[in-house]
Amino acid sequence: MRFTEALADEIVARVAMGESLGALEQDPRMPSRTAIGVWRRSHVEFGERLAAAQRRARLERRLADRAREAERKARRAALTRRDGGHEPTYTPEIGEEICFRLANGESLISICREEHLPTPATVYRWVNRIPEFQDMYVDARQFQGDYLFDETRELAREVTPGNVWACRFKFDLIRWQAPRLSPRKYCERLVAQDAAEMAQPMTVIVRKFTDHPDETPEEREALRRGKVVWSTAPGVKPGDLTGEG
């Protein structure tokens, strides 16, 4: 698919209206995200217009989120004032939809923008209270780590001298998120010796250099020679006496 001004105008307009590049590429008339990344690099004006459209869409989403959340709070408050007011009821279908979209890279905040879905706070309560949903949610978050890891390759393909710092910021964010979502796969490991092998043997000895009139001869001898109270040295145990001298 070749770059045309008409196609560029349509892409910018649809992104400004809130469509993501991933949603655009589902339209057979639209180019893939990879192609759009190439166009951004080769057509500077288009890249600047697209970046501005994305900023505008993000701002409008935040404003819409705030308005929607205020509306939900008002609706929940009205329900609470009525007899029988309650939180949204969990269903397996809603749980599967949330987890499927998480595994495909969406954030919980963006998922919960849907009118038929609960707020993030309700989802967190479901995670704590419903074992079935908790298992699905944990798996979905781990798969989300895989998605973010794969996304770094797409991010690298879009790097240009003009956007390298923005891409670096996105990469650092993914590098921070992926290990926390799937630590066994993506957490950086340090190779170290076993702590027991690294630790040096240590012995704590109590020794006294003055006599007390109430001490027995055995106690006096033990304190004079030095009595072991704690040790990690092989063959040395609490109660042992040190050698003469």
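Rules used throughout
- Positions within a chain are numbered from 1, following the residues in the order the chain's sequence is written.
- In keeping with the model being predicted, local features are shown solely for residues with a pLDDT of at least 70 and side-chain atom pairs are shown and tallied solely at 80 or more, while totals for entire chains, interfaces and linings include all residues.
- Side-chain measures here rest on the full set of heavy atoms in the structure, leaving out hydrogens and waters.
- Here a helix means four or more residues in a row that DSSP labels H or I, a strand means two or more in a row labelled E, and each is numbered from the N terminus.
- Burial classification: accessible surface area is computed with a 1.4 Å probe over protein chains only, and a residue below 20% of its type maximum counts as buried, one above 50% as exposed, and the rest as partly exposed.
- Should any heavy atoms of two residues lie within 4.5 Å, those residues are considered in contact.
- Surface accessibility in these figures is a Shrake-Rupley result with a 1.4 Å probe; residues are shielded only by whichever protein chains are displayed.
- In plain words, nonpolar cores are sets of buried Ala, Val, Leu, Ile, Met, Phe, Trp, Tyr and Cys residues tied together by side-chain atoms within 4.5 Å.
- Here is the rule: rings of Phe, Tyr and Trp (six-membered ring for Trp) pair when centre to centre is within 6.5 Å. Planes less than 30 degrees apart are stacked, more than 60 are edge-to-face, and the remainder are tilted.
- By convention in these notes, a salt bridge is any Lys or Arg side-chain nitrogen within 4 Å of a carboxyl oxygen on Asp or Glu.
- Surface patches are drawn from residues lacking salt bridges whose relative accessible area is over 30%; two like charges belong together within 9 Å, two nonpolar side chains (Val, Leu, Ile, Met, Phe, Trp, Tyr) within 5 Å.
- Neither His nor the chain ends is counted toward charge; the positive residues are Lys and Arg and the negative residues Asp and Glu.
- To locate a charge, the coordinates of NZ of Lys, CZ of Arg, CG of Asp or CD of Glu are taken.
- The arc in question is traced by the directions running from the helix axis to the C-beta atoms.
- The predictor attaches a confidence to each residue, and that confidence, scored 0 to 100, is pLDDT.

Peer 1: How should I be thinking about the overall build of the protein in this particular structure?
Peer 2: For the protein, the count of helices and strands is 12 helices and two strands. In the protein, the succession of α and β elements from N to C terminus is α-α-α-α-α-α-α-α-α-α-α-β-α-β. For the protein, with 245 residues in total, the buried portion stands at 27%. A separation threshold of at least 6 residues defines the contact pool for the protein, and within that pool the share at least 24 residues apart is 52%. Accessible surface, the protein: about 17100 Å² in total, of which carbon and sulfur atoms supply 56%.

Peer 1: How should I be thinking about the nonpolar core in this particular structure?
Peer 2: Note on soluble globular proteins: their nonpolar side chains tend to be buried together. Core analysis: the biggest nonpolar cluster contains 16 residues, and Ile98, Leu102, Leu108, Val123, Trp126, Phe133 and Tyr137 have the highest contact counts within it. Secondary structure elements with two or more residues in this core: α5 (92-103), α6 (108-111), α7 (120-129) and α8 (131-157). Examining the composition of this core, we find that four residues originate from one element, α5, more than from any other. Among all residues touching Phe133, those that are not within four sequence positions of it are Tyr90, Gly95, Ile98, Cys99, Val123, Trp126 and Val127.

Peer 1: Is there a simple way to think about the packing of aromatic side chains in this case?
Peer 2: The relative placement of two aromatic rings is captured by the distance of their centres and the angle of their planes. Going through the model one piece at a time under the given rule, you end up with seven aromatic pairs. Chaining the aromatic ring pairs together yields one cluster made of Tyr90, Trp126, Phe133 and Tyr137.

Peer 1: What should I look at first to understand the pattern of salt bridges in this one?
Peer 2: When the charged atoms of two side chains with opposite charge come close together, those side chains can pair. Under the definition given, this model contains 13 salt bridges. Salt-bridge contacts for Asp9 lead to Arg49; the nearest nitrogen and oxygen are separated by 2.7 Å. Taken together, the positions of Asp9 in helix α1 (residues 5-16) and Arg49 in helix α4 (residues 44-81) put the pair 40 residues apart, joining distant regions of the chain. When the shortest N-O distance is used, the salt bridge between Arg14 and Asp27 registers 3.0 Å. Of this pair, Arg14 sits in helix α1 while Asp27 sits in the loop between α2 (21-24) and α3 (33-42); the two residues are 13 residues apart in sequence, bridging distant segments of the chain. Assessed through its relative accessible area of 17%, Arg14 is described here as buried. When its relative accessible area of 16% is taken as the criterion, Asp27 is described as buried. In this structure, a network of salt bridges that share partners links the residues Glu10, Arg14, Glu19, Asp27 and Arg29.

Peer 1: How do you make sense of a negative patch on the surface when you look at a structure like this?
Peer 2: The grouping of Glu93, Glu96, Glu132, Asp135 and Asp139 at the surface amounts to a negative patch. Within the residue set of the negative patch, elements represented by two or more residues are α5 and α8. Broken down by element, the negative patch gets its largest block of residues, three residues, from α8. Positionally, Glu93 belongs in helix α5. Given the relative accessible area of 55%, Glu93 is considered exposed.

Peer 1: Please clarify how α7 should be interpreted in this entry.
Peer 2: The α-helix advances 3.6 residues per turn, and as a result positions three or four apart in sequence lie on the same side. The complete set of buried residues in α7 reads Thr122, Val123, Trp126 and Val127. When α7 is viewed along its axis, its buried side chains cluster within an angular range of 150° and face the same direction. Those residues of α7 that are exposed and aimed more than 90 degrees away from the buried face are Asn128 and Arg129.

Peer 1: Explanation requested: the environment of Phe3 in the structure shown.
Peer 2: For Phe3, the position within the fold is in the segment before α1. Taking the C-alpha atoms as reference, Phe3 lies 9.0 Å from Ile36; in sequence the two are 33 residues apart. When neighbours within four sequence positions are excluded, Phe3 is seen to be in contact with Ala8, Trp39, His43 and Phe46.

Peer 1: Is there a simple way to think about the confidence of the model for the protein in this case?
Peer 2: The predicted coordinates of low-pLDDT regions are not to be read in fine detail. Residues with a pLDDT of 70 or more make up 63% of the protein, whose mean pLDDT is 76. Counting interchain partners and residues more than four positions distant, the pLDDT-below-50 stretch residues 81-85 has two contacts.

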